[in-house]
Amino acid sequence: MQTICPYCHSSRVTSNTDTDSPFNIFEQLCSQSALSGLGASICRYYKINSAIGVVVGTALASAISLAKDKLQQPPLLVLTAKPTYTCNTCSRTFTI
């Protein structure tokens, strides 16, 4: 079944999928590989052994991961997100 825009009744509608949520970006920035690479880069800049930066970055990523897991609580009620759509004709966003 094709989705129709409730505002202009156009059939040129695209579905919006939110894959780059702020939480996903935060997890990518605080990943072990990202922080160990950052630590190695900082140590190279200051002419310190890069292995020290890798160890410090890995330790920092592990600490962030443990803190994040400890702070996360399971949701009491899981609500399913309604899919959102954007009309290509009138550029309005709507849910069904």
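So, here is what we can say about the structure in this document. For clarity, every value in this text was computed on a predicted model and none was experimentally measured.

## Remarks on the pairing of strand 2 (residues 84-87)
Of the pairings in the sheet, the one linking strand 1 (residues 13-16) to strand 2 comprises four bridges and is antiparallel in character. By the bridge assignment, Asn-16 is partnered in strand 2 with Thr-84. Bridge count between strand 2 and strand 3 (residues 93-95): three bridges; the pairing is antiparallel. Looking at the pairing, Thr-86 lines up with Thr-93 of strand 3.

## A short note on unusual backbone geometry
Its identity is not glycine, yet Lys-47 carries a phi of approximately 55 degrees, on the positive side. Mapped onto the elements, Lys-47 comes out in the loop between helix 2 (32-45) and helix 3 (50-71). Classification of Lys-47 by relative accessible area gives exposed; the value is 76%. Even without being a glycine, Ser-91 presents a positive backbone phi close to 65 degrees. Along the polypeptide, Ser-91 turns up in the loop between strand 2 and strand 3. Given a relative accessible area of 57%, Ser-91 falls into the exposed group.

## Brief notes about the state of the cysteines
Overall, the coordinates contain zero disulfides when judged by the stated rule. No disulfide involves Cys-8; its nearest neighbouring cysteine sulfur is the one of Cys-87, lying 3.5 Å away. By relative accessible area, which is 31% here, Cys-8 ends up partly exposed. On the basis of relative accessible area, Cys-87 is assigned to the buried category, the value being 1%.

## Some thoughts on the packing of helix 2 against helix 3
Axis separation between helix 2 and helix 3 bottoms out at 7 Å; the angle between their running directions is 145 degrees. Between helix 2 and helix 3 the crossing geometry is right-handed. Contact residues: Gln-32, Leu-35, Ser-36, Gly-39, Ala-40, Cys-43 and Arg-44 in helix 2; Ser-50, Ile-52, Gly-53, Val-54, Gly-57, Thr-58, Leu-60, Ala-61 and Ile-64 in helix 3.

## Focus: the environment of Ser-36
Tracing the backbone through its elements, the reader meets Ser-36 in helix 2. Given a relative accessible area of 14%, Ser-36 falls into the buried group. Sequence spacing of Ser-36 and Val-54 is 18 residues, and the spatial spacing of their C-alpha atoms is 4.4 Å. Excluding residues that lie within four positions of it along the chain, Ser-36 makes contacts with Gly-53, Val-54, Gly-57 and Thr-58.

## Here's the deal with the packing of aromatic side chains
Across all of its chains, the model carries three aromatic pairs by this definition. Relative to Phe-94, the ring of Tyr-7 has its centre 6.5 Å away and its plane inclined at 75 degrees; by these criteria the two rings are edge-to-face. With Tyr-7 in the segment before strand 1 and Phe-94 in strand 3, this residue pair connects regions lying 87 residues apart in the sequence. An angle of 85 degrees between the planes, with centres 5.0 Å apart, marks the rings of Tyr-45 and Tyr-46 as edge-to-face. Classification of Tyr-45 by relative accessible area gives exposed; the value is 63%. Joined through ring pairs, the aromatic side chains of Tyr-7, Tyr-85 and Phe-94 make up one cluster.

Conventions used here
Residues numbered from 1 in each chain as written. Predicted model: local features only at pLDDT ≥ 70, side-chain atom pairs only at ≥ 80, totals over all residues. Heavy atoms only, no water. Pairing = 2+ DSSP bridges. Helix = DSSP H or I, 4+ residues; strand = E, 2+ residues; numbered from the N terminus. Buried < 20%, exposed > 50% of the residue type's maximum accessible area, 1.4 Å probe, protein only. Disulfide = S-S within 2.5 Å. Axes fitted to C-alpha atoms, helices over the stretch in contact; angles between N-to-C directions. Left-handed = near helix turned anticlockwise from the far one by under 90°. Contact = heavy atoms within 4.5 Å. Phe/Tyr/Trp six-rings, centres within 6.5 Å; stacked < 30°, edge-to-face > 60°.

That is the geometry; function is a separate question.
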